[in-house]
Amino acid sequence: QGLAADPALAQHWLQAAADQHHSDALFNLALNQAGLGGDALPAAQKLYQASADLGNPSALHNLGVMHALGQGMVQDLAQAAQCYRMAADLGDAAAQYAFATMLSAGQGTPADPVMALRLFERAAAQGHAGAQYRLSLLQTKTTDAAPDYAQRLTAYQRAAEQQDHEAEFNLGLMYALGQGTAPDA
């Protein structure tokens, strides 16, 4: 039930809300512009920035993506890291993952493996599949103790349930080798 889709009318009402500085309306208009690509990307960037200025973490994350990839602007990894950090501070799981990845590699920001681990943990706790997978890898590499196969198995299962292909692969290996579980006959 409901109304027939009307993109023009949707645009009208989103614009009316955006004119009143509605963060989500600005964000949705930005998504529409970004989806057009090419010449529309600078307009998307301005709309994302306006939404971000109102505290929208998803807009900050998407600005980070634009800076990281050089979409509609010159690539700037330092600016991307700053956008991701601000969105991560607001609790955005995708931004926590992106900033943690940059911190791990020292891209656009000084390397900080301790902070990266914290951010991977926060994003993983929110169900971010990539963070769950990366967290299990980091826990494996950063400890001298015997591997905690049960913990690794749980992390891979969570990520695999969200179709993370690397986690699915590693989960298959764990079952084949009987790591954390009885060998699959």
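Our structure is the block above this text.
Residues numbered from 1 in each chain as written. Predicted model: local features only at pLDDT ≥ 70, side-chain atom pairs only at ≥ 80, totals over all residues. Heavy atoms only, no water.

*Asks:* Help me understand the overall build of the chain, please; the structure alone is not making it clear to me.
*Replies:* From N to C terminus, the chain includes 10 helices and 0 strands. Its helices and strands taken in sequence order, the chain reads α-α-α-α-α-α-α-α-α-α from the N to the C terminus. Compactness check: the chain gives a C-alpha radius of gyration of 20 Å against a globular reference of 16 Å for 185 residues, more than 25% above the reference. Taking the principal axes of its C-alpha atoms as reference, the chain extends roughly 60 × 50 × 25 Å. Every one of the 185 residues in the chain was classed for burial, and the buried ones make up 35%. (Helix = DSSP H or I, 4+ residues; strand = E, 2+ residues; numbered from the N terminus. Rg over C-alpha atoms; globule rule 2.2 N^0.38 Å. Buried < 20%, exposed > 50% of the residue type's maximum accessible area, 1.4 Å probe, protein only.)

*Asks:* Looking at this structure, how should I read the nonpolar core?
*Replies:* Generally speaking, soluble globular proteins have nonpolar side chains that are buried together. Core analysis: the largest hydrophobic core is formed by 36 residues, its most contacted members being Tyr-48, Tyr-84, Phe-99, Leu-119 and Phe-120. Looking at this core, the elements with two or more residues in it are α2 (23-36), α3 (41-53), α4 (57-69), α5 (77-89), α6 (93-105), α7 (113-125) and α8 (129-141). Counting residues per element, this core draws most heavily on α6, which supplies 7 residues. Among residues more than four places away in sequence, those in contact with Tyr-48 are Phe-27, Ala-30, Leu-31, Ala-34, Ala-59, Asn-62, Leu-63 and Met-66. In this structure, Tyr-133, Leu-153, Ala-167 and Leu-171 belong to the second largest nonpolar core, which totals 9 residues. (Core = buried A, V, L, I, M, F, W, Y, C linked by side-chain atoms within 4.5 Å. Contact = heavy atoms within 4.5 Å.)

*Asks:* Explain the environment of Tyr-149 to me, please; I cannot follow it from the model alone.
*Replies:* Tracing the chain through its elements places Tyr-149 in helix α9 (residues 149-160). Residues Tyr-149 and Ala-93, spaced 56 residues apart in sequence, show a C-alpha to C-alpha distance of 25 Å. If we skip the residues at most four places from it in the chain, Tyr-149 touches Met-174, Gln-179 and Gly-180.

*Asks:* Help me out: how do you make sense of the packing of aromatic side chains in this one?
*Replies:* The relation between two aromatic rings is expressed through the spacing of the ring centres and the mutual angle of the planes. If you walk through the whole model with that rule in mind, you get 2 aromatic pairs. Taking 5.8 Å as the distance between ring centres and 50° as the angle between the ring planes, the aromatic pair formed by Phe-27 and Tyr-48 counts as tilted. With Phe-27 in helix α2 and Tyr-48 in helix α3, this residue pair connects regions lying 21 residues apart in the sequence. For Phe-27, a relative accessible area of 14% puts it in the buried group. (Phe/Tyr/Trp six-rings, centres within 6.5 Å; stacked < 30°, edge-to-face > 60°.)

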